[in-house]
Amino acid sequence: MLNIAPISLQIWDMKYRLKGPGGELLDATIEDSWRRVAKALAAPEADSAAWQAKFYQALTDFRFLPAGRILAGAGAGRSVTLFNCFVMGVIPDDMAGIFTHLKEAALTMQQGGGIGYDFSTLRPRGAPVKGVGADASGPLSFMDVWDSMCRTIMSAGHRRGAMMATLRCDHPDIEAFIEAKREPGRLRMFNLSVLATDAFMAAVAADDAWELAFDGVTHRMISARELWDKIMRATYGFAEPGVIFIDRINRLNNLAYCETIYATNPCGEQPLPPYGACLLGSINLAALVTAPFDSRAAIDAGELEQVVRVAVRMLDNAIDVSRFPLEAQTIEARDKRRIGLGITGLADALIMCGVRYGTKRSLVLVDDWMHGLQRAAYLASTEIAAEKGAFPLYDADAYLAGESIAALDDDVRAAIRRHGIRNALLTSVAPTGTISLLADNVSSGLEPVFNYSYTRNLLMPDGSQSTEDVSDYAYRLFRRLHGENAPLPDAFVNIEQLSPIDHLRIQAAVQQQIDSSISKTINCAEGISFEDFKDIYAKAYAMGCKGCTTYRPNPVTGAVLEAATIDDDALRQAELPLKVEPALPEDSFEAGGVVYMTKPLGRPEELPGATYKLRWPDSEHAIYITINDILQDGRVRPFEMFINSKNMEHYAW
């Protein structure tokens, strides 16, 4: 077994180790997991044995980290998708279509895919619904339905549900969308992002009026700057919504000639068209540093190129061996063959090279490393295209005319012209939180090191929470090389020592060499003033980023990582709310203080009850609530509840 941190072994055992139906261990070691994945991804090759050996070599020492779906599912013989990221179809503005899309979302999540949805196609709250004499409930009410679906899917497995919801900046319900998460517990299965257009950003800068309209009908005019301020105050207060600069995404899309993008995957690194899908993998830069903490420290450029070339082929083969929840996703993935190859361990690599995160020197190194990755990835894809053919929707003239393709090196463009290209888009930077922990806890994605030793809260398979003490890979390596008492070099910085502009500089530098997008969180100190915070999104736009997300510790979302050590008494107190007395009923589980039933209770043929007619503020129509009771254990208890109303917001319940 590899000599890695205990938490890394726990992560492997809990999430990626192949086990039989009865829990028997089928992967005895992490090397067995690598062999399983390498064999599965080499299956499409004519000389599968040779490529299996190359794939295994790339996986060793965690140099290439396929995303979690691939690590867990490749070669497992299970009906699961290897794709992490999906954006679902365009939701039609009618009840039948809405619930058809809800079903598609459930089927996709059941196989382990995270999903993104644009709800801008749904009419705003209060708009008339023709034919039924009722008022529309608006997109947020249907997001509540999606949220409940996600909780239900989560209850059937160990993986937390993940969804992204977007809404256009000119939708009449945009203000309610911005404020939605102020309500405790609401939409907790969603990440929220506003689709900010170039026109909106210009209106904010000019302090112009902004039109909120739907289907050609203007609902009202507001101040663009006031709307922007609401976005910033919301994200300052409870970390959402993020922003997605949607016009920039579509303008710089390699496939702008054949698709339009409205949404992203849950973490934002993959803007995708309707039914778009993408799988992910990351090059571990920290594993490629030679002579760490020495004046000669550097990334091995030749090794980087070699690992990238092998990784592109592995991800391309994963498209062919993966299952897909929906036929539309299969067609979309195979017609365009987009992959999302990115990085992890960036901050640790900088530290090991003696360079502080966010400095001018770090930007030079980041540009050099990312250019090497981008160049190797595109050349590898052209070589595969020469062997196996370009992606089916490849149009040489339209593809090469794209703004992003025009910025590639001349010889790369020449190779595309000569051979075509196998994968329409190739690069993306995912958050890589769990796979970075697996890889001996290297720094995650392009994020700085949170802290060199910290406590991490983990959601366990049984729904309980566990805390683990974790130390950073570069920190442990430095201590091993230089001793426990050696002073840390200046390159050792964590998020508490970095300003938002340090984060943005790195994000913008990486984005220049990435054809999709980036999952990046601008971590801010809890005590940062709103004046210092409010321009972060605007600066991200000015610096060429495709989106931006911030996080400031707050009472609503809490914190996943905590620098402080938790003592035993405090931990025991924190665990108390998770315990339910008496014991939970059979076929149920508890999460967050709520008992979820996994099987319905038996229902008698007839139940007594009553119906109540209620009036509710801001609702034009009455709400009719029927509550039926059951005699159980000598007590009358509520058994079921029905809600009906001509108001469509309550109809969804």
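Residues numbered from 1 in each chain as written. Predicted model: local features only at pLDDT ≥ 70, side-chain atom pairs only at ≥ 80, totals over all residues. Heavy atoms only, no water.

Undergrad: I tried to follow the overall build of the protein chain on my own but got confused; where do I start?
TA: For the protein chain, the count of helices and strands is 24 helices and 26 strands. Put simply, the protein chain has 653 residues, and 54% of those count as buried. Here the contacts in the protein chain between residues at least 6 apart in sequence split such that 70% fall between residues at least 24 apart. Roughly 28300 Å² of accessible area belongs to the protein chain as shown, and the carbon and sulfur atoms make up 52% of that amount. (Helix = DSSP H or I, 4+ residues; strand = E, 2+ residues; numbered from the N terminus. Buried < 20%, exposed > 50% of the residue type's maximum accessible area, 1.4 Å probe, protein only. Contact = heavy atoms within 4.5 Å. Areas by Shrake-Rupley, 256 points an atom, 1.4 Å probe, with all protein chains shown as cover.)

Undergrad: Looking at this structure, I do not really get the packing of aromatic side chains. What am I missing?
TA: Taken as a whole and assessed by the stated rule, the structure comprises 24 aromatic pairs. Each ring, one from Trp34 and one from Phe62, has its centre 5.2 Å from the other, and the planes form 80°; the classification is edge-to-face. Note that Trp34 is positioned in helix α2 (residues 30-42) and Phe62 in the loop between α3 (48-59) and β1 (64-66), a separation of 28 residues in sequence. With relative accessibility at 6%, the residue Phe62 sits in the buried group. Summarising the aromatic geometry, the rings of Trp228 and Tyr537 are spaced 6.3 Å apart at their centres and angled 70° between planes, so their arrangement reads as edge-to-face. Of the two residues, Trp228 is situated in helix α9 (residues 224-238) and Tyr537 in helix α22 (residues 536-542); the sequence distance between them amounts to 309 residues. The exposure class assigned to Tyr537 is buried, which follows from its relative accessible area of 0%. (Phe/Tyr/Trp six-rings, centres within 6.5 Å; stacked < 30°, edge-to-face > 60°.)

Undergrad: Is there a simple way to explain the environment of Phe530 in this structure?
TA: Among the structural elements, Phe530 can be located in helix α21 (residues 530-533). With 294 residues separating them along the chain, Phe530 and Tyr236 place their C-alpha atoms 7.1 Å apart. Beyond its immediate chain neighbours, meaning those up to four positions away, Phe530 contacts Asp229, Met232, Arg233 and Tyr236.

Undergrad: Please clarify how the pairing of strand β8 (residues 209-214) should be interpreted in this entry.
TA: Burial along β8 is one-sided: the face carrying Trp210, Leu212 and Phe214 is buried and the face carrying Ala209, Glu211 and Ala213 is not. Direction of pairing for β8 relative to strand β9 (residues 217-223): antiparallel, over a ladder of 6 bridges. Looking across to β9, one finds that Glu211 is bridged to Met221. (Pairing = 2+ DSSP bridges.)

Undergrad: Quick question: what am I supposed to make of α2 here?
TA: An α-helix turns once every 3.6 residues. As a result, residues three or four positions apart point the same way. For α2, which comprises 13 residues, the first-to-last C-alpha distance of 18 Å matches the rise-based estimate of 18 Å (1.5 Å per residue) to within 8%. The buried fraction of α2 is high, at 10 of 13 residues. Within the sequence span of α2, burial applies to Ile30, Glu31, Ser33, Trp34, Arg36, Val37, Ala38, Ala40, Leu41 and Ala42. In the core, the buried residues of α2 are packed alongside α1 (6-16), α3, α4 (68-73) and α11 (301-321). (Expected span 1.5 Å × (residues − 1).)

Undergrad: Hey, could you run me through the sheet that holds strand β25 (residues 623-632) in this one?
TA: In a beta sheet, neighbouring strands are held together by backbone hydrogen bonds and run either parallel or antiparallel to one another. A sheet is described by the order of its strands in space; here 3 strands give the open sequence β24-β25-β26, paired in antiparallel fashion. Lying at the two open borders of the sheet, with one neighbouring strand each, are β24 (609-614) and β26 (635-645). Here the strands of the sheet are splayed against their neighbours by 20° on average, with no regard to which way each runs. (Axes fitted to C-alpha atoms, helices over the stretch in contact; angles between N-to-C directions.)

Undergrad: For this particular structure, what's the right way to read the confidence of the model for the protein chain?
TA: The predicted model of the protein chain averages 88 in pLDDT, with 89% of residues at 70 or higher. Per-residue pLDDT stays below 50 along residues 564-584; that stretch engages in 13 contacts with residues further than four places along the chain or on separate chains. Every residue in residues 589-593 scores below 50 in pLDDT, and together they form 12 contacts with partners more than four places removed in sequence or on other chains. (pLDDT = per-residue confidence, 0-100.)

Undergrad: Explain the side chain of Asn250 to me, please; I cannot follow it from the model alone.
TA: Structurally, Asn250 is set in helix α10 (residues 246-251). By relative accessible area, which is 18% here, Asn250 ends up buried. One polar contact links the side chain of Asn250 to the main-chain amide nitrogen of Ile261, over a distance of 2.8 Å. Residues contacting Asn250, with those up to four places away along its chain left out, are Ala256, Thr260 and Ile261. (Polar contact = N/O pair within 3.5 Å; in protein donor to acceptor, adjacent residues only side chain to side chain.)

Undergrad: Just to check I follow, could you spell out the side chain of Gln507 for this structure?
TA: Examined against the element boundaries, Gln507 turns out to sit in helix α20 (residues 500-511). A residue is classified by how much of its surface remains accessible, and Gln507, at 2% relative accessible area, is buried. Setting aside residues no more than four positions away along its own chain, Gln507 makes contact with Leu446, Ile518, Lys520, Ile522, Cys545 and Gly547.

Undergrad: Hey, could you run me through the pattern of salt bridges in this one?
TA: Between side chains of opposite charge, pairing is possible as soon as their charged atoms come close. Scanning all chains against the criterion turns up 36 salt bridges. Between Arg220 and Glu175 there is a salt bridge, and its shortest N-O distance comes to 2.2 Å. Placement of Arg220 in strand β9 and of Glu175 in helix α7 (residues 174-179) is noted, with a sequence separation of 45 residues between them. On the basis of relative accessibility, which here comes to 33%, the residue Arg220 falls in the partly exposed class. Taking the relative accessible area as the measure of exposure, Glu175 reaches 17% and is therefore buried. (Salt bridge = Lys/Arg side-chain N within 4 Å of Asp/Glu carboxyl O.)

Undergrad: Would you mind going over the pairing of β25 with me for this structure?
TA: One face of the sheet, then the other: side chains in a regular strand alternate in exactly this way. Bridge count for β24 against β25 is 6 bridges, and the pairing is antiparallel. Across the sheet, residue Ala610 finds its bridge partner in β25, namely Ile627. Summarising the sheet, β25 and β26 pair through 10 bridges and their orientation is antiparallel. For Asn628, the partnering residue across the bridge sits in β26 and is Glu640.

Undergrad: It is not clear to me how the packing of helix α14 (residues 360-388) against α20 should be interpreted in this structure. Could you clarify?
TA: Packed helices, taken two at a time, are described by the angle between their axes plus the distance between the axes. Viewed as axis vectors pointing N to C, α14 and α20 meet at an angle of 25°, and their least axial separation amounts to 9 Å. The orientation of α14 relative to α20 falls into the category roughly parallel. In the crossing of α14 with α20, the sense of the turn from one axis to the other is right-handed. Note on element contacts: α20 touches α14 through Arg505, Ile506, Ala509 and Val510, opposite Ser362, Leu363, Val366 and Met370. Tallied by class, residues from the contact of α14 with α20 come to 6 nonpolar, 1 polar and 1 charged. (Parallel < 35°, antiparallel > 145°, perpendicular 65-115°, else oblique. Left-handed = near helix turned anticlockwise from the far one by under 90°. Nonpolar A, V, L, I, M, F, W, Y, C, P; charged D, E, K, R; others polar.)

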